[in-house]
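# Chains, contacts and geometry: an overview
Each chain, letter by letter, is given below.
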Amino acid sequence: MTSFPMPTMPAPPVAVVGLGQLGGSLAAALAAAGREVSGWDVDPAAREAAAARGVTITQEMGGVVVLAVPLPAMNTALEGLTIDPDATITDLGSVKRPVVASLEAAFGGRFVGGHPMCGSERSGHTAVDPTLFTGARWALCLEPGTELPRWLRVAEVALAVGAEVVPVTAVEHDDAVAAISHVPHLLAAALAAAAATSPLALALAAGSFRDGTRVIGSDPAFVTAMVEGNAVPTAEALARVQAQLDRPWPELIAAGHAVATRQPAMRTLRVPLERAALLAVGRAGGAITRRLAAFVEGWVPER
Ligand SMILES: NC(=O)c1ccc[n+]([C@@H]2O[C@H](COP(=O)([O-])OP(=O)(O)OC[C@H]3O[C@@H](n4cnc5c(N)ncnc54)[C@H](O)[C@@H]3O)[C@@H](O)[C@H]2O)c1
């Protein structure tokens, strides 16, 4: 089919609240791309570091306002700031159900929950990396009440910093990240605590132990807020892991290896700007890579 790509909408300004690892990296990436970006942080050192990267420091915000603060601060971080009544509000929090529930109550369809799947065990403005989002998946919540033009505006910000957008609901997101993020954090802590009963084991620890426990270096307050904020899906995902451990070991090892070596072909596709069609891409394990006027482009794995 002949393609007639149309120009995208003009890029809105972006304002980032919380200029630590995630927010500082986003603001720096947008500034480096020549985008209009402002921000605020309660920490003067984080404000100074962001200003040095070209971010305008202000408490007056509009366009796309990004909450990049720790989960416990999510509901209060906009207090004291002046927010344009037509601003689109989004967040980067690692758990979506509670954040979407409270911020949708405050902002209705103007709020779009998000979670970029990147970052490290480091935190604060010294961990800022403008390339952090390149190639990362960025989950973006499309709830029944989400205004689609605003969802697309936030998607455009994610695409602008090199991420691929995965349309999800908050419930689907929290179930999925319980399995691939929250349970691994608990397992890493359990591996480390169990091995620490033997000084000899710790002395011999090498690659497998290092890879399996990397995330225990994360701020314990950050991890606790994350797993407790997603307690039920995390407990269910942990039970599924425990059930796997009850399988005969050769069978379990072969099943895990098969997942690691699976390489499905990718099929590119055009997706209409419609909630069900967008969510179907996320459910199929795919992502959106480009915004055009009348549709978006993306890919899904072949079955
Ligand atoms: N670190 C990761 O790997 C990761 C990955 C994906 C998403 N997230 C999410 O991103 C968000 C930020 O995480 P991070 O790793 O960048 O944390 P961080 O600690 O590196 O940065 C948080 C920043 O928010 C600032 N802050 C705290 N309260 C504030 C307030 N009320 N107003 C303004 N600024 C405030 C802090 O001073 C700090 O600079 C969290 O919600 C987290 O769940 C983190």
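### Notes on the site of the ligand
The ligand sits among 28 residues. The nearest are Gly18, Gly20, Leu22, Ser94 and Gly119. Those elements giving two or more residues to the shell around the ligand turn out to be helix H1 (21–32) and strand S9 (114–116). The greatest single-element share of the shell around the ligand, amounting to 3 residues, is contributed by H1.

### Points about the packing of helix H5 (residues 170–195) against helix H8 (residues 220–229)
Relative placement of two packed helices is described by the angle separating their axes and the distance separating the axes. Contact pair H5 / H8: the axes reach a minimum separation of 10 Å and the direction vectors enclose 125 degrees. Judged by the inter-axis angle, H5 sits oblique to H8. Classified by chirality, the crossing of H8 by H5 is left-handed. Contacts between H5 and H8 pair His182, His185 and Leu186 from the former with Val223, Met226 and Val227 from the latter.

### Re the domain arrangement of the chain
Interfaces are often sized by the amount of accessible area the parts lose when they come together. If you check the domain split of the chain, you get domain 1 (14–168) and domain 2 (173–246). Using C-alpha coordinates to define each centre, domain 1 is positioned 27 Å away from domain 2. Taken together, the contact pairs 14 residues of domain 1 with 13 residues of domain 2. Among the secondary structure elements, those contributing two or more residues to the side of domain 1 that touches domain 2 are helix H3 (97–107) and strand S10 (137–141). For the side of domain 1 that touches domain 2, the per-class residue count stands at 8 nonpolar, 3 polar and 3 charged.

### Digging into helix H10 (residues 249–261)
For H10, spanning 13 residues, the distance from its first C-alpha to its last is 18 Å, which sits close to the expected 18 Å at 1.5 Å a residue. The element H10 is largely exposed, with a buried count of 0 among its 13 residues.

### What to know about the confidence of the model for the chain
Of the residues in the chain, 97% reach a pLDDT of 70 or more, and the chain-wide mean stands at 95. When the criterion is pLDDT under 50, residues 1–7 qualifies, and its contacts beyond four places in sequence or with other chains add up to 5 contacts.

Each value, and the rule that gives it
- Residues numbered from 1 in each chain as written.
- Predicted model: local features only at pLDDT ≥ 70, side-chain atom pairs only at ≥ 80, totals over all residues.
- Near = placed C-beta within 6 Å.
- Helix = DSSP H or I, 4+ residues; strand = E, 2+ residues; numbered from the N terminus.
- Axes fitted to C-alpha atoms, helices over the stretch in contact; angles between N-to-C directions.
- Parallel < 35°, antiparallel > 145°, perpendicular 65-115°, else oblique.
- Left-handed = near helix turned anticlockwise from the far one by under 90°.
- Contact = placed C-beta atoms within 7 Å.
- Domains from an automatic or database assignment.
- Nonpolar A, V, L, I, M, F, W, Y, C, P; charged D, E, K, R; others polar.
- Expected span 1.5 Å × (residues − 1).
- Buried ≥ 20, exposed ≤ 12 C-beta atoms within 10 Å, placed from the backbone.
- pLDDT = per-residue confidence, 0-100.

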